[in-house]
Amino acid sequence: MGFFRKTLGESRQEESQGRVEEPTTINTAGEDVLISSKTSNKFYFWTRPGTSKEEKKLVQKLDFAILTFCCLTFFAKDLDRNNINNAYISGMKEDLGLYGNELNWMVTWFQIGYIVGQIPSQILLTKISPRWYLPAAEFLWAFFVLFIYKCQNAQQIYAVRFCVGFIEAASWPGLHFMGIYEIGTWYRNHEINKRGGIFTASGIAATMFSGYIQAGIYDTIDGHLGIRGWRWLFIIDFLITCPMVIIGLIIIPNPLYEKRTWWMTEKERQMCMKRLEVDKRKPLGRFDRSLFKRVLGRWHFWVLCTWFSVMYFVYQAPTTSTMALWLKAENYSVADANNLPTVYSAVSIVFMLVAGIYNDWRGSEVESVVLICMTQIISESMLVAWSLPKPAHFFAYYIAGTIQSLFPIIVSWTHKVCSGDAEERAIVIGALNSIGLAQGTWWNQVFVPTVEAPRFYRGYRAGLAASLALSAWLPVVIWFTRRQERQEKDQRIQGQIIEGSEHGTEEGRTSLDKRLVADSLAKQDKANEAGIVM
């Protein structure tokens, strides 16, 4: 770990571990309110020590309204997205005669629709208020999910799955950077990781829930009203999604920088904006030609999208789907084939939440990423070996669940390094999902075809190679991040020098001298720790 601490930790952990700051006082609606800064190195679970009562109350309100809605709608989205895998192993395969790569194509057609729908969705979100557009999109994709229960062949399912994916494409830009999802618009840097983890965990919980629903349906109402159990799954998923539409119409806030929402006072809205100013987070502006030059001319797009794509390669196998196919091949019952893979999702959720809390406290995601890479290499290596006892197979599948924890970590990392340019942040975050999903689509077809189940000889070998590449890419990300932080620090010092020389006051010169002395002492302390005499 020493390499990573020296490479990245000194800048980020200097902010979160070794330095305490004075709270920032802001004026909202004629009243002074404290915006918390780092005042203690003490571990905290949810709220950072030193947070004022006003700010704590505001964050609780944001959690109750925005975080709750985001989790509910993402739960519904992933429930409607992943139910096809549970249906396949619960009678769909036999009823429709699906003995080739039809399951792969069902997943692929959804992903194609999802990718194609990204740009139209973003355009519509700029023309129609997300408060109305997102609930409408959620109802439409739920309606298409309902149609699947009437499909009689694979081709009909392909068409409907494309439509589901196309409409669901609204969820990612709508929740992440169009003013709805809390990470980019409502929360500060030290609050990002745990909430991003909870948000992503809600989607993973949907995968678990889908398995439990299908297992329950198969045991209770399979054949009821002449409808097979796997068809009932799509009907029930539609009924679960519909209430989310009503909740969205009530809770979704107006864009922060435009006007207040009914459940937030004007003072609280002003405080939200000031909180982001403290972290130098800029609001979303206009998209113009210079944006593409900024995006393509900086390292964020190229390095982070590569990182996300490699993660998607690792994520393709093993998954709950490949584990379910292995269980089916091992003649486990339909209930077990639906229920046992949910432990993979449970591992993902627990690791994601623990990592989020730890990362926010530490101010660094590096240790969590290293652990994720290690578990993936171990899991893929065991599955490549294959000839192992059944408990070893279960262990390999389950620890692979940690890969899903990397989704919110990369997004949180992106929010931080792109915080100074909101338009670039919007494009890069959208590109992460689109490019990563596009890469995963062809990877899944080439290396993880259903006909090669359950061993997936090429898939697990490719996954092991991707895991090693994921580990090798981390130092690249750290190097670019560290370089950017050094450049930003130098710019701040130069700005302070210029400001001090322009004012020429004794107070300004004294304050500048104190900052320079503090920087010098900090460097001396680090050198002493490393055994270097300065």
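Residues numbered from 1 in each chain as written. Predicted model: local features only at pLDDT ≥ 70, side-chain atom pairs only at ≥ 80, totals over all residues. Heavy atoms only, no water.

1. Here's the deal with the overall build of the protein chain
- Along the backbone of the protein chain there are 22 helices and two strands.
- Counting across all 534 residues of the protein chain, residues that qualify as buried make up 56%.
- Put simply, of all contacts in the protein chain between residues at least 6 apart along the chain, 77% involve residues at least 24 apart.
- Per element, the accessible surface of the protein chain, about 22,700 Å² overall, is 63% carbon and sulfur. (Helix = DSSP H or I, 4+ residues; strand = E, 2+ residues; numbered from the N terminus. Buried < 20%, exposed > 50% of the residue type's maximum accessible area, 1.4 Å probe, protein only. Contact = heavy atoms within 4.5 Å. Areas by Shrake-Rupley, 256 points an atom, 1.4 Å probe, with all protein chains shown as cover.)

2. Structural notes on the side chain of Asn-359
- Summarising the element assignment, Asn-359 is placed in helix 16 (residues 342-362).
- When near neighbours in sequence (up to four residues on either side) are disregarded, Asn-359 contacts Asn-193, Ser-364, Glu-365, Ser-368 and Ile-409.

3. What about the nonpolar core?
- Residues Leu-62, Met-92, Trp-307, Met-311, Leu-406 and Leu-470 are the most contacted members of the largest nonpolar core, which totals 129 residues.
- With 19 residues, the top contributor of residues to this core is helix 2 (residues 53-96).
- Leaving out residues up to four positions away in the same chain, Met-311 has contacts with Ile-403, Leu-406, Phe-407, Ile-410 and Leu-470.
- Of all hydrophobic cores here, the second largest spans five residues; its members include Ala-201, Ile-204, Met-208 and Met-352. (Core = buried A, V, L, I, M, F, W, Y, C linked by side-chain atoms within 4.5 Å.)

4. Notes on the packing of aromatic side chains
- The final tally for this structure, using the stated rule, is 32 aromatic pairs.
- Ring geometry for Trp-479 against Phe-480: centres 5.0 Å apart, planes inclined by 90°, an arrangement best described as edge-to-face.
- Members of the aromatic cluster, connected to one another through ring pairs, are Phe-139, Phe-143, Phe-144, Phe-147 and Phe-238.
- The aromatic ring of Tyr-187 is capped on one face by Arg-195, whose charged end is 4.6 Å from the ring centroid.
- Stacked on the ring of Tyr-457, the Lys or Arg Arg-461 has its end atom at 3.7 Å from the ring centre. (Phe/Tyr/Trp six-rings, centres within 6.5 Å; stacked < 30°, edge-to-face > 60°. Lys NZ or Arg CZ within 6 Å of the ring centre and 35° of its normal.)

5. Examining the environment of Val-245
- Relative to the helices and strands, Val-245 is located in helix 10 (residues 229-251).
- Along the backbone, Val-245 and Glu-138 are 107 residues apart, and their C-alpha atoms lie at a distance of 6.4 Å.
- Once residues lying within four places of it in the same chain are set aside, the contact partners of Val-245 are Pro-135, Glu-138 and Phe-139.

6. Comments concerning empty space enclosed by the protein
- Under the defined criterion, the tally for this structure stands at five cavities of 30 Å³ or more.
- The computed volume of the second largest cavity comes to approximately 70 Å³.
- Taken together, eleven residues make up the lining of the second largest cavity; nearest its centre are Thr-47, Arg-48, Thr-51, Val-59 and Glu-191.
- Of the residues that constitute the lining of the second largest cavity, the class distribution is two nonpolar, four polar and five charged. (1 Å grid on protein atoms, 1.4 Å probe; cavity = no way out; pocket = protein on both sides within 12 Å on 5 of 7 lines; lining within 4 Å. Points joined across faces, edges and corners; volume = space filled by probe spheres on them. Nonpolar A, V, L, I, M, F, W, Y, C, P; charged D, E, K, R; others polar.)

7. Some details on a nonpolar patch on the surface
- A cluster of nonpolar side chains, namely Leu-124, Ile-128, Trp-132, Ile-246, Leu-249, Ile-250 and Trp-262, defines an oily patch on the protein surface of about 710 Å² accessible area.
- When residues of the nonpolar patch are assigned to their parent elements, the largest contribution, three residues, is made by helix 10.
- For Ile-128, the location among the structural elements is in the loop between helix 4 (118-127) and helix 5 (130-147).
- A residue is classified by how much of its surface remains accessible, and Ile-128, at 35% relative accessible area, is partly exposed. (Patch = residues over 30% accessible without salt bridge, like charges linked within 9 Å, V, L, I, M, F, W, Y side chains within 5 Å. Salt bridge = Lys/Arg side-chain N within 4 Å of Asp/Glu carboxyl O.)

8. Quick look at unusual backbone geometry
- For the bond running from Ala-317 to Pro-318, omega is 0°, close enough to zero to count as cis.
- One can find Pro-318 in the loop between helix 13 (299-315) and helix 14 (320-329).
- Positive phi outside glycine occurs at Leu-225, with the angle close to 60°.
- One can find Leu-225 in the loop between helix 9 (192-220) and helix 10.
- One non-glycine residue, Phe-456, adopts positive backbone phi at about 50°.
- Relative to the elements of secondary structure, Phe-456 occurs in the loop between helix 20 (422-447) and helix 21 (457-503).
- Note on Phe-456: relative accessible area 1%, which makes it buried.

9. With respect to the side chain of Thr-319
- Along the chain, the position of Thr-319 falls in the loop between helix 13 and helix 14.
- For Thr-319, a relative accessible area of 12% corresponds to the buried category.
- Of note is the side chain of Thr-319, whose polar atom sits 3.2 Å from the backbone nitrogen of Ser-321. (Polar contact = N/O pair within 3.5 Å; in protein donor to acceptor, adjacent residues only side chain to side chain.)

10. Observations concerning the confidence of the model for the protein chain
- Confidence along the protein chain averages 81 in pLDDT terms, with 80% of residues attaining 70 or more.
- Taken as a whole, residues 1-21 scores under 50 in pLDDT and shows 58 contacts with residues more than four places along the chain or in a different chain. (pLDDT = per-residue confidence, 0-100.)

11. Topic: the state of the cysteines
- Taken as a whole, this structure holds zero disulfides when the rule is applied.
- Note on Cys-305: no disulfide assigned, nearest cysteine sulfur contributed by Cys-418 at a separation of 9.6 Å.
- For Cys-305, a relative accessible area of 5% corresponds to the buried category. (Disulfide = S-S within 2.5 Å.)

12. A closer look at helix 5
- Here helix 5 spans 25 Å end to end across 18 residues, near enough to the 26 Å set by a 1.5 Å rise per residue.
- Among the residues making up helix 5, those that are buried are Pro-130, Arg-131, Tyr-133, Leu-134, Pro-135, Ala-137, Glu-138, Trp-141, Ala-142, Val-145 and Leu-146. (Expected span 1.5 Å × (residues − 1).)

13. As for the packing of helix 9 against helix 19 (residues 406-417)
- Two elements in contact, helix 9 and helix 19, have axes separated by 9 Å at closest approach and are oriented at 140°. Accordingly, the angle class assigned to the pair helix 9 and helix 19 is oblique. By crossing handedness, the relation of helix 9 to helix 19 is classed as right-handed. On helix 19, the residues that touch Ile-192, Asn-193, Gly-196, Gly-197 and Thr-200 of helix 9 are Phe-407, Pro-408, Ser-412, His-415 and Lys-416.
- Residue classes in the contact of helix 9 with helix 19 are distributed as three nonpolar, six polar and one charged. (Axes fitted to C-alpha atoms, helices over the stretch in contact; angles between N-to-C directions. Parallel < 35°, antiparallel > 145°, perpendicular 65-115°, else oblique. Left-handed = near helix turned anticlockwise from the far one by under 90°.)

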